[in-house]
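Here are the chains, one letter per residue:
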Amino acid sequence: MQIIDKISRMLKMSNNRFSKLLLILLCGICLMVIVWPTGGTDGGEEKNDGAGAKVTTASGEADGEQTAGREDMYDSACNYSSYMEQRLQKVLESMDGISQVSVMITVKNSGEKVTVKDVDTSHSESDGSSQSSVTEQTVMADTAGDTAPYITGYIQPQVEGVVVCCHGAENADMSLKITNAVQALFDVPAHKIVILEAN
């Protein structure tokens, strides 16, 4: 309050435009310092993987770490796609009547790490009504001086679409067999699978 009083006295004493401009500039700097984001916060973001499992991703990373994390996730999605394309190609090439197989697989996401959650439930009763609250916190593990979420598993990326190009695909029975094989391996609907005949 003393600072505000001093500033208001300065304004009353001087009608100088320069001092008012300086005051506005100082107020702006103070506001920027107050709302400037800090290094990070504890906690995490919880998602549902569609199969009912809760998946938690840790937050509180610096911008550089988040960018590096996105690049790692993109690389892991690309690696997963390439790996599964090679495996599917080997399986299809082993089928009788198919040759020169080319496969492309696209994924919806980059997969997710499953972390351990510490869940606290508290109940309170007042005036005949009962309330309960649930607090969840990600369990952190300390390894070699680094603190990171304790990971118990990994949910593989979801396959979005598959394209198979091969000799022998002109045969309707063979095309159906390829579609059935892809559906069994990746749980992809038939309209997301395209079988093309190679040149």
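The shown structure was predicted, so the numbers you read here are calculated from the model rather than taken from an experiment.

Conventions we followed
Residues numbered from 1 in each chain as written. Predicted model: local features only at pLDDT ≥ 70, side-chain atom pairs only at ≥ 80, totals over all residues. Heavy atoms only, no water. Helix = DSSP H or I, 4+ residues; strand = E, 2+ residues; numbered from the N terminus. Buried < 20%, exposed > 50% of the residue type's maximum accessible area, 1.4 Å probe, protein only. Contact = heavy atoms within 4.5 Å. Areas by Shrake-Rupley, 256 points an atom, 1.4 Å probe, with all protein chains shown as cover. Pairing = 2+ DSSP bridges. Axes fitted to C-alpha atoms, helices over the stretch in contact; angles between N-to-C directions. 1 Å grid on protein atoms, 1.4 Å probe; cavity = no way out; pocket = protein on both sides within 12 Å on 5 of 7 lines; lining within 4 Å. Points joined across faces, edges and corners; volume = space filled by probe spheres on them. Nonpolar A, V, L, I, M, F, W, Y, C, P; charged D, E, K, R; others polar. Disulfide = S-S within 2.5 Å. pLDDT = per-residue confidence, 0-100. Patch = residues over 30% accessible without salt bridge, like charges linked within 9 Å, V, L, I, M, F, W, Y side chains within 5 Å. Salt bridge = Lys/Arg side-chain N within 4 Å of Asp/Glu carboxyl O. Expected span 1.5 Å × (residues − 1). Arc of directions from axis to C-beta. Polar contact = N/O pair within 3.5 Å; in protein donor to acceptor, adjacent residues only side chain to side chain.

## Points about the overall build of the chain
The secondary structure content of the chain amounts to 4 helices and 11 strands. Counting every position in the chain, which comprises 199 residues, the buried fraction comes to 21%. The contacts in the chain between residues at least 6 apart in sequence include a share of 59% that link residues at least 24 apart. Of the roughly 14700 Å² of accessible surface on the chain, a fraction of 54% belongs to carbon and sulfur atoms.

## Re the sheet that holds strand E3 (residues 99-107)
An order of E3-E10-E11 is seen for the 3 strands of this open sheet, with the pairing classed as mixed. On the outer flanks of this sheet lie E3 and strand E11 (193-197), each paired with one strand and no other. Taken pair by pair, the neighbouring strands of this sheet meet at an average axis angle of 15°, ignoring direction. Two elements, strand E10 (residues 159-167) and E11, share 5 bridges in a ladder whose sense is parallel. Residue pairing across strands places Cys166 opposite Glu197, the latter belonging to E11.

## Some points on the side chain of Thr179
With respect to the secondary-structure elements, Thr179 resides in helix H4 (residues 172-186). With relative accessibility at 13%, the residue Thr179 sits in the buried group. If sequence neighbours within four positions are ignored, Thr179 has contacts with Ala190, Ile193 and Ile195.

## Let's talk about the layout of surface pockets
When its volume is computed, the second largest pocket comes out at roughly 160 Å³. Split by residue class, the lining of the second largest pocket holds 4 nonpolar, 1 polar and 4 charged.

## Considerations on the pairing of strand E7 (residues 140-143)
As judged from the 4 bridges shared by E7 and strand E8 (residues 146-149), these two strands associate in the antiparallel manner. Bridge assignment links Thr143 to a residue of E8, and that residue is Asp146. Counting the residues between successive antiparallel strands, the hairpin from E7 to E8 contains 2 residues, one of them, Ala144, with a positive phi of roughly 55°.

## A closer look at unusual backbone geometry
Backbone phi values are negative for most residues with the exception of glycine, while trans is the configuration of most peptide bonds. The backbone of Gln100 sits at a positive phi, close to 50°, despite the residue not being glycine. Mapped onto the elements of the fold, Gln100 is located in strand E3. Among the residues examined, Gln100 registers a relative accessible area of 55% and is labelled exposed. With a phi angle near 55°, Asp187 is a residue other than glycine that sits in the positive phi range. Within the fold, Asp187 resides in the loop between H4 and E11.

## Observations regarding the state of the cysteines
According to the stated counting rule, one finds 0 disulfides in the structure shown. Not part of a disulfide, Cys166 finds its nearest cysteine sulfur in Cys165, a span of 6.8 Å.

## Observations concerning the confidence of the model for the chain
When the pLDDT values of the chain are averaged, the result is 74; 69% of them are 70 or greater. Predicted confidence for residues 40-70 stays below pLDDT 50, and this span has 38 contacts to residues more than four positions away or in other chains.

## Looking at a nonpolar patch on the surface
Judged by side-chain polarity, Leu25, Leu26, Ile29 and Val33 come together as a nonpolar surface patch covering roughly 390 Å² of accessible area. When you line up the elements, Leu25 lands in helix H2 (residues 17-35).

## Remarks on H4
With 15 residues, H4 should reach 21 Å at 1.5 Å per residue; the first-to-last C-alpha distance of 21 Å fits that figure. Here H4 has its buried residues at Met174, Ser175, Ile178, Thr179, Ala181, Val182 and Phe186. Each buried residue of H4 lies within a common arc of 160° when the element is viewed along its axis, so the set occupies one face. Of the residues in H4, the exposed ones pointing more than 90 degrees away from the buried face are Ala172, Asp173 and Ala184. Here H4 starts with a cap whose side-chain oxygen sits 3.0 Å from the backbone nitrogen of Asp173, and that cap is Asn171. Residue Asp187 follows H4 closely and has a positive phi angle near 55°.

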